[in-house]
Amino acid sequence: MKTQIAHDTALVRSLGLALATLLFSACATHAPRQGSEAGAAVSFPDAGKAGPKGGLFVDLENLRQYARGMSKRQLYGLLGTPHFNEGMWGVREWNYLFNFRSQPNGDYFSCQFQVHFDRDGIAQESYWKPQSCVAMLQAGNTAPVASAAQPLPAQPLALQADALFGFDSDSLTAQGRRSVDALVQRIKAASEVQMIAVTGYTDRIGADDYNQDLSQRRAEAVRAALIAGGVPAAAIVAEGRGETAPLVACAQPAGDALIDCLAPNRRVEISGVAQLARK
């Protein structure tokens with residue numbers, strides 16, 4: 001009888017110990033992550049795989065509005081799509097690569113921002129890499145605000161093709177490269193720009209198909225020069241539109257006079273798409 005009681009007591013103790021272990025494990029598993037610095041359990045993707053490459057400048061006021069409890073749709077409205085090919089539904093983690101300027105028109109630095117969601121798509125925790133990036137959220141810190149830089153003009157910048165390329169050529173001349181290099185610096189200074197559209201046009205002289213192909217090749221040449229200058233490739237779209245959208249109409253029948261008159265139609269236009277300004 002004493003042997004049976006001792007056996008039962010030992011069994012109860014074993015079961016109690018096992019139950020306590022399970023409860024402790026459950027609490028450890030489901031405890032929420034605290035803080036805004038990545039710990040051992042948080043892994044950031046390779047920054048080199050961000051899309052667009054190099055990340056994007058962020059509206060700092062929008063970033064400051066982020067808060068735990070936001071839905072994915074609300075976060076999308078504030079910060080846009082994540083930068084590492086995460087989807088909208090089903091995923092539990094979004095990653096961003098944001099750029100900030102230490103001073104207006106100065107050099108910029110990049111920070112990775114990660115948000116964790118629960119199974120209902122509600123933001124629970126956020127993390128920064130490096131941790132020092134949290135300082136950008138302080139209300140008194142206005143130095144990195146993207147809007148401090150000069151924006152590109154609302155109307156496209158029109159570069160005359162005759163000044164960029166030789167006759168019937170898609171290779172930039174030395175003067176053309178200098179013009180594009182100056183444009184690169186202007187684009188880099190316009191920190192709110194999210195996308196660059198490069199559009200090539202020709203005049204009406206020649207076959208339609210040939211003009212379409214030439215305008216596309218020239219737009220691609222300018223795009224390649226922008227990329228070589230440091231503008232992220234994923235942020236630039238090149239398109240040729242041939243002889244469409246002429247700026248001038250000329251009555252000269254033919255010859256040099258007609259060619260000179262049609263010069264404004266031979267152009268490459270550069271336009272920047274930026275985030276909408278907050279009202």
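Below is a summary of the structure that appears in this document.

About the thresholds
- Note that residues are indexed from 1 along each chain, following the sequence as it is written.
- Local features in this predicted model are restricted to residues of pLDDT 70 or higher, and side-chain atom pairs are both shown and tallied only at a pLDDT of 80 or more, whereas totals for entire chains, interfaces and linings draw on every residue.
- In computing side-chain values, all of the structure's heavy atoms are included and hydrogens and water are not.
- In short, DSSP must find at least two bridges between two strands for them to pair.
- Numbering goes from the N terminus for both helices and strands, where a helix is a DSSP run of H or I of at least four residues and a strand is a run of E of at least two.
- Whether two residues are in contact is decided by their heavy atoms: any pair within 4.5 Å suffices.
- The axes used here are C-alpha line fits, helices contributing only the stretch in contact, and every angle between their N-to-C directions lies in the interval 0 to 180 degrees.
- A helix's residues, less one, multiplied by 1.5 Å, set its expected span.
- Relative accessibility thresholds used throughout: buried, under 20% of the residue-type maximum; exposed, over 50%; partly exposed, between the two (1.4 Å probe, protein chains only).
- Arc definition: it is the arc formed by the directions from the helix axis to the C-beta atoms.

Points about the sheet that holds strand S1 (residues 56-57)
- Taking strand neighbours across the sheet as the criterion, the four strands line up as S1-S2-S3-S4 in an open arrangement whose pairing is mixed. Here the strands that pair on one side only, and so sit at the sheet edges, are S1 and strand S4 (123-129).
- Note that S1 and strand S2 (residues 93-101) share two bridges and pair parallel. Considered in S2, the bridge of Leu 56 is made with Phe 98.
- Sheet strands in contact with helix H3 (residues 72-79) are S2 and strand S3 (108-117), and its direction is about 20° off that of S2.

Regarding helix H6 (residues 208-228)
- Compared with the 30 Å implied by 1.5 Å per residue over 21 residues, the 30 Å span of H6 between its first and last C-alpha is a close match.
- Restricting attention to buried positions, one finds in H6 the residues Asn 211, Leu 214, Ser 215, Arg 218, Ala 219, Ala 221, Val 222, Ala 225 and Leu 226. In an axial view of H6, the angular spread of the buried residues amounts to 155°, which keeps them on one side of the axis. H6 presents Asp 209 and Ala 228 as exposed residues on the side facing more than 90 degrees away from its buried surface.
- Phi turns positive, to about 110°, at Gly 230, one or two residues after H6.

As far as function goes, none of this settles anything; it's purely spatial.
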